[in-house]
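Coordinate inspection notes
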Amino acid sequence: MNQGNKDFIHIKAPKNWINDPNGFIYYKGKYHMFYQHFPYDPSWGTMHWGHATSTDLVNWQHEGIALYPSKIYDANGVFSGNAIIIEDRLYLYYTGIKYIEADPSNIHLPVNYNFEACQALLISEDGEHFDNINGKTCVIPVSADDNMMSIADTRDPKVWEKNGRYYMALGSTEKVTPDKRVGKIIFLESADGLSWSYLSDAKSSEFGEIFECPDLFDIDGQRIMFCAAVGYLKDGFPDSNQEIYKFVSFDEETGRLTYDKESFYIDYGFDLYATQTALDEDNNRVMYAWMRMPIPIACEDSSSMWSGIMTMPRVIKLKKDENGAKLLFKPHKKIDDLFQNKITAYELPFHLCINGTSDIHDIDITMADSKKDYKLSLDVEDGCVIDIGGYIIKIQDGFVMADRSALYPKGNYRMEFSTPKIEGDIHLDIYLSRYMIETFVNSGEYVLSHVVYDFFRNNQ
C-alpha cells in the first residue's frame, strides 16, 4: 500500500507515532527503512512496522504498513529488529509481544508490565510484499528461564552472517539482586537463519538496566558494539535511556565477548536513541536513529498529529591517533552534496547572529534545493556565541555548548548540553531543518542533535 507520503532527508511519521528504525538495508537497488509505528494515535501503542524506500538516502517514499500483529505470539506488538538477505530474499527478524493481561481501559497497554516476548521472522520474496498471515515463523520462543533470558525484556534481534553461519544478538536484562537489574546481551547461532541455538551471553551494569537495540559491526578491522542502555543517564530528567558504544572483540566460534571499560555517547544532544546501521551501496557503514519528541506536532493539513523523526544518515568512520581510538559520525555524502546553493545570512528565513551582530561574513551558508534545509559552516574561537533563531551555541573553555530552551516545550526537559572538552581548533557544520538541528563538531568528532519545534514558523 502506497500512502503517497514523501520525506526529504529526515524520515518522520507520516502521521501518528513512530519510534525505532528497523530493518534498514540496501536491497534490489533500493534502500528500505522500516520503523516502529502506531498508526492510530501520536503516542506509543501496539507496534507495527511502517515501511519507507529510497534510491538515494535523500528522498523517501512511505509505503504503508509492512508488518502488523497477526499471530498469537505477536498479537500485541511487532517490536524492533533488523533485516538481512538470504538467497536473494529479505529476512525480517523482529520481537513478537503478547500481553498476559491487557489494560481494560486501553488494550494497547499491558497491566503491570505483564507480557511475553519471543523472536520471530517474516520472509519477503521482493521487499515489496509481506505475507503477515503465511510468511511468519516464531524462531525463538518465549524463554522458560526468566533469569537466563528475560521473559518480557528480551528483544531487538540483530542478525548477521559470517563464514556461512548466522549469528543473532539479543538485548536483555538479568536480576542481580531483588532490587537491581543489569543489561545483558545474548548471542545465538544458526546454520540456516531459521533454527537457533544459544551461544553465549554477557551482562554488566555498563549496559544499563536493560540492553536494547544491540548492534555489532566491523570498521577497518575493529569490532564496535552499539548499546541502547535503559536507565543509563542519571541527571534527574526523563528519557534516561541513552545510546552508547564500546570497542569490543567478539569470537563467533566461541561466543566470547570482551570489551573496553570506557563507553562513549553516540550523540551529545541526548534526544537520539535506538540506532540502526547497515552498509550502503558503496560499503560505507551508515547509521540512522530515532529522535525522541515529548509532545506531538500537527500535520500539514491539521487533520491529525505526528510524533517521531529520524536523524539524517551518518557514515561511521574509525579514527586512531596517539590519544586512542574513537568513532567519527559524518553526514552521508548524498546529504552534503545537496548543499551547493550559497546564500547570505540576510536570505535565511530566521535570524542569525554571532557575538551579538548580524553583520556576518566569515561563515559559509548553503541551502538545499528544498529551500527548507540549510547548512552553516564556520570556525569558532573561545567565547563565540551563535544565535540561530533562538537556538544558542556557545564556545566556552573548549566546550561546545547548546541551549534550545527558546525552541522547545516548557517542562522538565533537557535544555542545555555540552560536548566534552576539545583541545585545539573547533570547526562546526550545522544542519538546520524545520524540526531538527544537527551540529557536527570537527568533522564528526562530536555531534549535538536536537529536536526543535517548528523552527521556521517560530522565526517568521
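Nothing here was measured: the structure is a model prediction, and the numbers come from that model.

1. Some words on the overall build of the protein chain
- Per the secondary structure count, the protein chain includes one helix and 39 strands.
- A compact globule built from 460 residues should have a C-alpha radius of gyration of about 23 Å, and the protein chain, at 22 Å, falls within 12% of that.
- Taken over the C-alpha atoms alone, the protein chain extends approximately 65 × 55 × 45 Å along its principal axes.
- By the burial criterion, 58% of the 460 residues in the protein chain qualify as buried.

2. Points about the packing of aromatic side chains
- Per the counting criterion, the structure on display carries 36 aromatic pairs.
- For the pair Trp17 and Trp290, a centre-to-centre distance of 6.0 Å together with 65° between the ring planes defines the contact as edge-to-face. Residue Trp17 is located in strand β2 (residues 16-27), and its partner Trp290 is located in strand β23 (residues 285-291); the two are separated by 273 residues in the primary sequence.
- Since its relative accessible area comes to 10%, Trp290 is described here as buried.
- Judged by centre distance (5.6 Å) and plane angle (75°), the rings of Tyr265 and Tyr268 are edge-to-face.
- Chaining the aromatic ring pairs together yields one cluster made of Phe217, Phe226, Tyr245, Phe247, Phe264 and Phe329.
- Residue placement shows Lys12 over the ring face of Trp306; its charged tip is 4.6 Å from the ring centre.

3. Considerations on the pattern of salt bridges
- One pass over the structure, following the stated rule, counts 27 salt bridges.
- Of the charged contacts, one joins Lys234 and Glu209 as a salt bridge, the two residues approaching to 3.5 Å between their closest N and O atoms. Of this pair, Lys234 sits in the loop between β18 (222-229) and β19 (242-251) while Glu209 is found in the loop between β16 (197-204) and β17 (211-219), placing the two residues 25 residues apart along the sequence.
- In this structure Lys234 comes out as exposed when scored by relative accessible area, which is 65%.
- Residue Glu209 is classed as partly exposed on the basis of its relative accessible area of 34%.

4. Considerations on the sheet that holds strand β35 (residues 399-403)
- If you walk across this open sheet you meet the five strands as β30-β33-β34-β35-β36, and the pairing is antiparallel. Looking at strand neighbours, the two that pair on one side only are β30 (352-354) and β36 (416-418), the edges of this open sheet. The mean inter-strand angle of the sheet, taken between neighbouring strand axes irrespective of direction, is 15°.
- The sheet contact formed by β30 and strand β33 (residues 385-388) spans three bridges and is antiparallel. Across the sheet, residue Cys353 finds its bridge partner in β33, namely Asp387.

5. Things to note about the sheet that holds strand β31 (residues 364-367)
- If you walk across this open sheet you meet the six strands as β29-β31-β32-β37-β38-β39, and the pairing is antiparallel. Sheet topology places β29 (341-342) and β39 (446-451) at the edges, where each strand pairs with a single neighbour.
- As paired elements, strand β37 (residues 426-432) and strand β38 (residues 436-441) share five bridges and run antiparallel to each other. Among the inter-strand pairings, Leu428 is bridged to a residue of β38, identified as Val441.

6. Regarding the pairing of strand β5 (residues 59-67)
- Pairing between strand β1 (residues 6-8) and β5: three bridges, direction antiparallel. Residue Lys6 lies in a different strand from β5, and its bridge partner there is Gln61.
- Both strand β4 (residues 48-54) and β5 contribute to a ladder of five bridges, which runs antiparallel. Paired with Thr53 across the bridge in β5 is Gln61.
- Connecting β4 to the next strand, β5, in antiparallel fashion are four residues, including Leu57 with a positive phi near 65°.

7. Quick look at the nonpolar core
- By size, the foremost hydrophobic cluster in this structure holds 51 residues, and its most contacted members are Phe226, Tyr245, Leu327 and Phe329.
- Top element by residues in this core is β23. It accounts for five residues.
- In this structure, Leu327 is in contact with Ile224, Phe226, Tyr245, Phe247, Ile316, Lys317, Leu318, Gly444 and Glu445, ignoring residues within four places of it in sequence.
- Judged by nonpolar contacts, the second largest core, of 39 residues, contains Val400, Phe417, Ile430 and Ile437.

8. Things to note about unusual backbone geometry
- The phi dihedral of Asp220 is positive, around 50°, even though this residue is not glycine.
- Turning to its location among the elements, Asp220 is positioned in the loop between β17 and β18.

9. A short note on the side chain of Ser304
- Residue placement: Ser304 occurs in the loop between β24 (297-298) and β25 (305-307).
- With near-sequence residues (within four places) excluded, Ser304 lies in contact with Lys15, Ile297, Ala298 and Cys299.

10. Here we look at the environment of Gln222
- Assignment of secondary structure puts Gln222 in strand β18.
- It is 36 Å that separates the C-alpha atoms of Gln222 and Pro294, two residues lying 72 residues apart in sequence.

11. A closer look at the environment of Phe187
- Within the secondary structure, Phe187 is located in strand β15 (residues 180-190).
- The class for Phe187 is buried, based on a relative accessible area of 1%.
- Sequence spacing of Phe187 and Glu252 is 65 residues, and the spatial spacing of their C-alpha atoms is 9.1 Å.
- Setting aside chain neighbours within four positions, we find Phe187 in contact with Trp160, Met168, Ala169, Tyr198, Leu199, Ser200, Leu216, Phe250, Gly255 and Leu257.

Procedures and definitions
Residues numbered from 1 in each chain as written. Predicted model: local features only at pLDDT ≥ 70, side-chain atom pairs only at ≥ 80, totals over all residues. Heavy atoms only, no water. Helix = DSSP H or I, 4+ residues; strand = E, 2+ residues; numbered from the N terminus. Rg over C-alpha atoms; globule rule 2.2 N^0.38 Å. Buried < 20%, exposed > 50% of the residue type's maximum accessible area, 1.4 Å probe, protein only. Phe/Tyr/Trp six-rings, centres within 6.5 Å; stacked < 30°, edge-to-face > 60°. Lys NZ or Arg CZ within 6 Å of the ring centre and 35° of its normal. Salt bridge = Lys/Arg side-chain N within 4 Å of Asp/Glu carboxyl O. Pairing = 2+ DSSP bridges. Axes fitted to C-alpha atoms, helices over the stretch in contact; angles between N-to-C directions. Core = buried A, V, L, I, M, F, W, Y, C linked by side-chain atoms within 4.5 Å. Contact = heavy atoms within 4.5 Å.

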